[in-house]
Every structure is written in C-alpha cells, then in structure tokens.
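So you can see what is in the structure, the chains are spelled out below.
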Amino acid sequence: MFWQKEIELMDTDALRKFQLEHINKSIKTAKNSQFYKKQLDGIDKIDNLEGIKNLPFTTKEDLRNAFPYGFLATDLKNAVRLHSSSGTTGNPTVVFHTAEDISNWANLSARCMYTAGARNTDVFQNTMGYGLFTGGIGFHYGAEKLGMLTIPVGPGNSKRQVWFMQNFRTSVMHILPSYALRLYRTIEEMNINVKKDLNLKIAFIGAEPHSEEMRKKIEELYGIKAFNSYGLSEICGPGVAFECPCQNGLHVWEDFVYPEIVDPKTLEVLPDGREGELVFTTLQRQAMPLIRYRTRDLTRIISEKCSCGRNHRKIARITGRTDDMMIINGVNIFPIQIEKTIMAIPEAGKNYIIEIFEQNYMDKLCIKLEINNENFGGTLQDLEKLQHKLENELKQEIGVSPLIKFVDAGSLPVEEGKAKRVFDLRKK
Ligand code: AMP
Ligand code: ZN
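Everything numeric in this text was worked out from a predicted model, so none of it was measured.

Asker: Break down the pattern of salt bridges for me, citing the residues and quoting the values.
Answerer: Side chains that differ in sign of charge can pair as their charged atoms come close. Using the criterion set out here, one finds 26 salt bridges in the structure. The closest approach of N and O atoms between glutamate 8 and arginine 310, which form a salt bridge, is 2.9 Å. Of this pair, glutamate 8 sits in helix H1 (residues 5-8) while arginine 310 sits in the loop between strand E13 (301-302) and strand E14 (314-315); the two residues are 302 residues apart in sequence, bridging distant segments of the chain. Taking the relative accessible area as the measure of exposure, glutamate 8 reaches 0% and is therefore buried.

Shown next, in the form of structure tokens:
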C-alpha cells in the first residue's frame, strides 16, 4: 500500500518537527540565490511553525523579474535540469533542479502512483507533454522508478494512442481530463469497446482544473478509477498533491512542502478548512527552494484524519485560480462552476467553451457546447428542452443567465496541451 511507508505514515508531531527543521534548511539554502539574499536579509531561521507568518511571500512576478538566474541557489555545476512554466506574457518563469531534486521528485511521483494502486506489473502510457512542461517527464521518472513498463507517447495523435493501448495492454494512463474526453471520441470512432477491448484500470488526471462531475464522467466512460493529480512547475511539477483511494481530497506531501492557505486580498493566514490561496514553502529543494510561494490556486486544507492512514493533510479539489475569476456584470464566477453543471447533465456533450462579450454596454456570457449524440433524442423540441434545462441550472449555480449555443461534436477548437475554455472578447 505504501511506497515510502515510514514517510507516508509519519505522525503529525513528527511531520511538524521535520517541517520546522527543513523550513530553516530551506531558508539557509535559499539565501545562496540573488533573490533571497536580498529578500531574506536579516532572517536566518524561524523558532516555531507559527513564525512562518513573519517570512515574506514569493510571487510569480518575483520569479519573472529574477529571470534568468536570480533564483538559482546552487553552483551551476550542481544544476542538471531547467523547466519552464507556460506563461503567456512577459518572461517565462524558469525552475532549476539538482540531481538530488530530480531523484526526490521521481520518488514523490512514484509515491503518488503507488498510492493509487499502480504496480511494477502495470503498463503505463504517458500522454502528457514532454519538454519544458513538467507533466510528462515528471511522472515518467516516477513510473520508471516504480518499475512500470513506461510508454512515453506524449500528447495528441489519438489513433496512435489507442493503437499502443490495444497492442501493449496499457493498464495505467496519465492524461489531461479534457483530453481523456476527446480520446474517448476517437475510441468510439474506431469502433473499439473501451471496456472489453482495452485493459485500462487507472488514470491519473490533472494539470488543469476539472470538476468532480468530469472525473465521474471519465470513470464511467472508461470503466476505470481516475485520480486527481495536482502539481505546478514552480514546486517541481506533478507529484505535489495526489488522491489516495479514498478519493476525497488530495494528500499534500508534507515532507516535501509546507502548505498554508491565505486570504488572497489581506494575505492573512486562514485556519484549516477555510478556502483561500494555496501557498507552499519547499522543504527539500536544493537548486531552487521557494519560501511562501503564492500559487494563485484556490482551495482549502482538509485536516481530518484520512482513513488510508496517511497523516499528510489533504487539500480539496482546486476551485479556481485567483486570476481566472470572471466578473460578469459585477457577479464573480469561476469557470469550474459552469463545468460541473454541464457535466452533470448527461445529454450535454463533453467539450465546451465560454465566451464573454459586450452587448449594449452589458456583459454577455455565452456557452458553446457540443451535444452528446448518445443521450440526446434529436428533435427540435428535445433541443429546446435541453437548452432550458441548462439555462436554469446554470442560472442557479452562477447567478447569471447565460446564452447557450449548441455546436457539432468535434467543431470546437482543441489544444494539444491544457484546455483553453474561456475566451474573453470584451474590450479591455
Ligand atoms: P504548470 O506549472 O504550467 O504545470 O501549471 C500549474 C498549474 O496548473 C497549477 O498552479 C494549477 O493552476 C493547475 N493545475 C495543476 N494540476 C491541477 C489539478 N489537479 N486541478 C486543478 N488545477 C491544476
Ligand atoms: Zn488518504
């Protein structure tokens, strides 16, 4: 059941002691970098975990401004890998690793996969992107460490994905949730019965926001268990937090990061259970420790003991990012609210986009949605009924009346990487 039993079963007191010790080690290492040398000037350690509140935060802008080498905390001779986050404006953020960082990260991702039930007898198909993006390579190293036969297919080319699945009896896949739904369409088009003709049992889904309803849809369609996998390249990549078989929250590996939840406006630390912005301090990173890094991801900490036995606290599914909130005529809406409503309606299709535009000085929210041919009757009346159902349920969830436009299956734009759902066409 456990990949690193002693660490995974550490009790809370031991974990807190370990964390205090390692936060102080991280402060020391971080001060070898140009950025933290200034930022942590006069600060050498904290005396207890409460003391973390007195340390300054680190933001994505700090990472950008310190481009290219401002966060490197080790000699270049010790740094072996660079990754970069998918930024759309300004300098990208870069992240460095030593060989030890890479090895720790591989163990961390092996721990996640083992927790979900993957074993060395499994065949693992990695459909995540390889390269500067950490999704593919992160779990690749973990999967090999775990001993799975690893197929580094990478993203896209759905027919080839299915070909590998069929011929090599793939049992575990690592996949973007949006791509899992698209891939299913290809499987159907190829007249393959996913439950009978393929051998899939487990999927690791993550790297992008998705709802519980979307997970359920993936589990039902494929007849598998899908585990939510959370990570970000600034901390390492996938492997930071992962669901155990209880599937009600993601264990944050607290020997690797110290999590906090803060109010994104006041930056006050919130108690476990309250929703706010997730903040991480790394505990073992050598090439690039981060102190109180503001992830912009919104969630809450679940501190109740998990029945799997692990004491590493869990976070709830990410509900949005501080920067993806849409304001429609003054009403705050997160895209995930729209997704969970759509996914709960069987006749609604699997792919959608959200467009926001201006009409007569008012904001308009339009949802373009594919129809699920299997569950849809097909008459004009049925279509109108479905439209009203969607309008009503969305109005209840988000407090705004959206326009619903149905489009043909397969006609919406698709990305090879993370899905882009929101298109804000308002004049800025
Ligand atoms: P990147 O560093 O480019 O891989 O992007 C990391 C970001 O992707 C995170 O900060 C989250 O906003 C998002 N993300 C990653 N995994 C998940 C997940 N399981 N659920 C929701 N959002 C996720
Ligand atoms: Zn658990």
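Asker: Describe the domain arrangement of the protein chain, and please don't skip the residues or the numbers.
Answerer: Looking at the assigned domains, one finds that the protein chain contains domain 1 (1-323) and domain 2 (326-424). Here the C-alpha centre of domain 2 lies 29 Å away from the C-alpha centre of domain 1. Contacts between the two partners involve 23 residues from domain 1 and, on the opposite side, 21 residues from domain 2. A buried area of about 1,800 Å², summed over both sides, lies between domain 1 and domain 2, and 59% of it is on carbon and sulfur atoms.

Asker: Before we move on, can you summarise the coordination of the zinc ion (ligand 2) with the specific residues and values?
Answerer: Around the zinc ion (ligand 2), the protein contributes the donor atoms Cys244 (SG), His251 (NE2), Cys306 (SG) and Cys308 (SG), at 2.1 to 2.3 Å from the metal centre. For the zinc ion (ligand 2), the 4 donor atoms are set out with angles of 102 to 118° between them, so the coordination reads as tetrahedral. One chain supplies every donor to the zinc ion (ligand 2), and in sequence these donors are spaced C-x6-H-x54-C-x1-C. Of the two residues, histidine 251 sits in strand E9 (residues 250-252) while cysteine 308 sits in the loop between E13 and E14, which places them 57 residues apart along the sequence. Cysteine 308 shares its class with histidine 251; the two are buried.

Asker: Account for the packing of helix H7 (residues 158-168) against helix H8 (residues 177-189), with residues named and values stated.
Answerer: The angle between the axes and the distance between the axes are what describe a pair of packed helices. In the contact formed by H7 and H8, the axes pass within 9 Å of each other and the chain directions differ by 80°. Comparing the axis directions of H7 and H8 gives the class roughly perpendicular. Packed against H7, whose contacting residues are Ser158, Lys159, Gln161, Val162 and Met165, the element H8 presents Tyr179, Leu183, Thr186 and Ile187 at the interface.

Asker: Can you explain H7? Please cite residues and give values.
Answerer: Those residues of H7 that fall on the buried side of the exposure criterion are Ser158, Gln161, Val162, Phe164 and Met165. For H7, the angular spread of the buried residues around the axis is 160°, confining them to a single face. Of the surrounding secondary structure, the elements contacted by the buried residues of H7 are strand E3 (123-126), strand E4 (149-151), strand E5 (172-175) and H8. Positive phi shows up at arginine 169, right after H7, with a value of about 55°.

Asker: Requested: an account of the environment of isoleucine 301, with residues and values cited.
Answerer: Along the chain, isoleucine 301 turns up in strand E13. When the C-alpha positions of isoleucine 301 and leucine 270 are compared, they lie 9.6 Å apart, and in sequence the two are 31 residues distant. Each residue touching isoleucine 301, except ones within four places of it in the same chain, is listed here: Pro259, Ile261, Asp272, Gly273, Arg313, Lys314 and Ile315.

Parameters at a glance
Residues numbered from 1 in each chain as written. Chains lettered and ligands numbered in written order. Predicted model: local features only at pLDDT ≥ 70, side-chain atom pairs only at ≥ 80, totals over all residues. Heavy atoms only, no water. Salt bridge = Lys/Arg side-chain N within 4 Å of Asp/Glu carboxyl O. Helix = DSSP H or I, 4+ residues; strand = E, 2+ residues; numbered from the N terminus. Buried < 20%, exposed > 50% of the residue type's maximum accessible area, 1.4 Å probe, protein only. Domains from an automatic or database assignment. Contact = heavy atoms within 4.5 Å. Buried area = accessible area lost by both parts, 1.4 Å probe. Donors = N, O, S within 2.8 Å, 3.2 Å for Na, K, Ca; no water. Tetrahedral: all angles 85-135°; square planar, octahedral: opposite > 155°, others 65-115°. Axes fitted to C-alpha atoms, helices over the stretch in contact; angles between N-to-C directions. Parallel < 35°, antiparallel > 145°, perpendicular 65-115°, else oblique. Arc of directions from axis to C-beta.

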